[in-house]
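Listed below are the residues making up each chain.
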Amino acid sequence: MIQEEQIRSITLKNVLVDTGATTLCLPPDAIAKLGLKILKEVDVATAMGIGKARIFRDATLFIFGREGTFECLELPGGGDPLLGVIPLEALGLEIDLQNQTLKPLPISPTETYLTIL
């Protein structure tokens, strides 16, 4: 545990919502600013073929007042951050293709995106 004043945070702009990406993907400079710790190195499929990438632990996202902590894949070569399907689903976010935005799915006592079946 760290003290509250030691918590690092950044605000990301130009985040691409990518349903072809599995998880949160950040460029190396964002990972360094957040001080994320490496979890493992993995093989990943990219547009250029199979390659190596590093996965970091405990990146906490705040979107539309919702919070979740996710593994983060380091984007080989940098680039814009990507928001993949795992954080989208876990946070209950839906893509509005017509307006090119994200919208939160309902979570209330009468309607919720969370299910246990």
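Because the structure is a prediction, the values reported are computed rather than measured.

K.L.:
Any details on the state of the cysteines? Residues and values, ideally.
P.N.:
Scanning all chains against the criterion turns up 0 disulfides. Cysteine Cys25 shares no disulfide, and the gap to the nearest cysteine sulfur, in Cys72, comes to 7.1 Å. You can call Cys25 buried: its relative accessible area is 6%.

K.L.:
I'd love a proper account of the side chain of Arg66, names of residues and values included.
P.N.:
Residue placement: Arg66 occurs in strand β5 (residues 66–74). No salt bridge is formed by the buried Arg66; the nearest opposite charge belongs to Glu111, separated by 10.0 Å. At a separation of 2.9 Å, a polar atom in the side chain of Arg66 contacts the main-chain carbonyl oxygen of Leu91.

K.L.:
I'd like to hear about the nonpolar core, residue by residue, with values.
P.N.:
Formed by 17 residues in total, the largest nonpolar core has its most connected members in Leu24, Leu26, Leu36, Leu61, Cys72 and Leu83. Broken down by secondary-structure element, the contributors of at least two residues to this core are β2 (24–26), α1 (28–34), β4 (49–63) and β5. When residues in this core are grouped by element, the largest group, 4 residues, is from β4. With residues near it in sequence (within four places) discarded, Leu36 still touches Ile31, Phe56, Arg57, Asp58, Ala59 and Cys72.

K.L.:
An account of the layout of surface pockets is requested, with residue identities and associated values reported.
P.N.:
Within this model, the largest pocket holds a volume of roughly 1000 Å³. In this structure, the largest pocket is lined by 28 residues; those nearest its centre are Arg8, Leu34, Ala59, Thr60 and Leu61. Counting only elements with at least two residues in the lining of the largest pocket, the list comes to β2 and β4. It is β4 that contributes the most residues to the lining of the largest pocket, 7 residues altogether. Of the residues belonging to the lining of the largest pocket, the class tally is 18 nonpolar, 5 polar and 5 charged. In this structure, the second largest pocket encloses a volume near 440 Å³. Forming the walls of the second largest pocket are 19 residues, and the residues nearest its centre are Ala21, Cys25, Val44, Ala45 and Leu73. Listed by contribution, the elements that provide at least two residues to the lining of the second largest pocket are β3 (37–46) and β5.

K.L.:
Outline the environment of Pro28, listing residues and values.
P.N.:
With respect to the helices and strands, Pro28 occurs in helix α1. The class of Pro28 is partly exposed, set by a relative accessible area of 34%. If sequence neighbours within four positions are ignored, Pro28 has contacts with Glu74, Leu75 and Gly78.

K.L.:
Give me the lowdown on a nonpolar patch on the surface, citing residues and values where you can.
P.N.:
A contiguous nonpolar patch, built from Ile10, Leu12 and Val15 and spanning about 190 Å² of accessible area, is present on the exposed surface. Inspection of the secondary structure puts Val15 in the segment before β1 (16–17).

K.L.:
Quick rundown of the pairing of strand β8 (residues 101–104)? Include the residues and the values.
P.N.:
Bridge analysis of strand β7 (residues 93–96) against β8 gives 4 bridges, and the strand direction is antiparallel. The partner of Leu93 across the bridge, within β8, is Pro104. Connecting the antiparallel pair β7 and β8 is a turn made up of 4 residues, with Gln100 showing a positive phi of about 50°.

What counts as what
- Residues numbered from 1 in each chain as written.
- Predicted model: local features only at pLDDT ≥ 70, side-chain atom pairs only at ≥ 80, totals over all residues.
- Heavy atoms only, no water.
- Disulfide = S-S within 2.5 Å.
- Buried < 20%, exposed > 50% of the residue type's maximum accessible area, 1.4 Å probe, protein only.
- Helix = DSSP H or I, 4+ residues; strand = E, 2+ residues; numbered from the N terminus.
- Lys, Arg positive; Asp, Glu negative; His and termini not counted.
- Salt bridge = Lys/Arg side-chain N within 4 Å of Asp/Glu carboxyl O.
- Polar contact = N/O pair within 3.5 Å; in protein donor to acceptor, adjacent residues only side chain to side chain.
- Core = buried A, V, L, I, M, F, W, Y, C linked by side-chain atoms within 4.5 Å.
- Contact = heavy atoms within 4.5 Å.
- 1 Å grid on protein atoms, 1.4 Å probe; cavity = no way out; pocket = protein on both sides within 12 Å on 5 of 7 lines; lining within 4 Å.
- Points joined across faces, edges and corners; volume = space filled by probe spheres on them.
- Nonpolar A, V, L, I, M, F, W, Y, C, P; charged D, E, K, R; others polar.
- Patch = residues over 30% accessible without salt bridge, like charges linked within 9 Å, V, L, I, M, F, W, Y side chains within 5 Å.
- Areas by Shrake-Rupley, 256 points an atom, 1.4 Å probe, with all protein chains shown as cover.
- Pairing = 2+ DSSP bridges.

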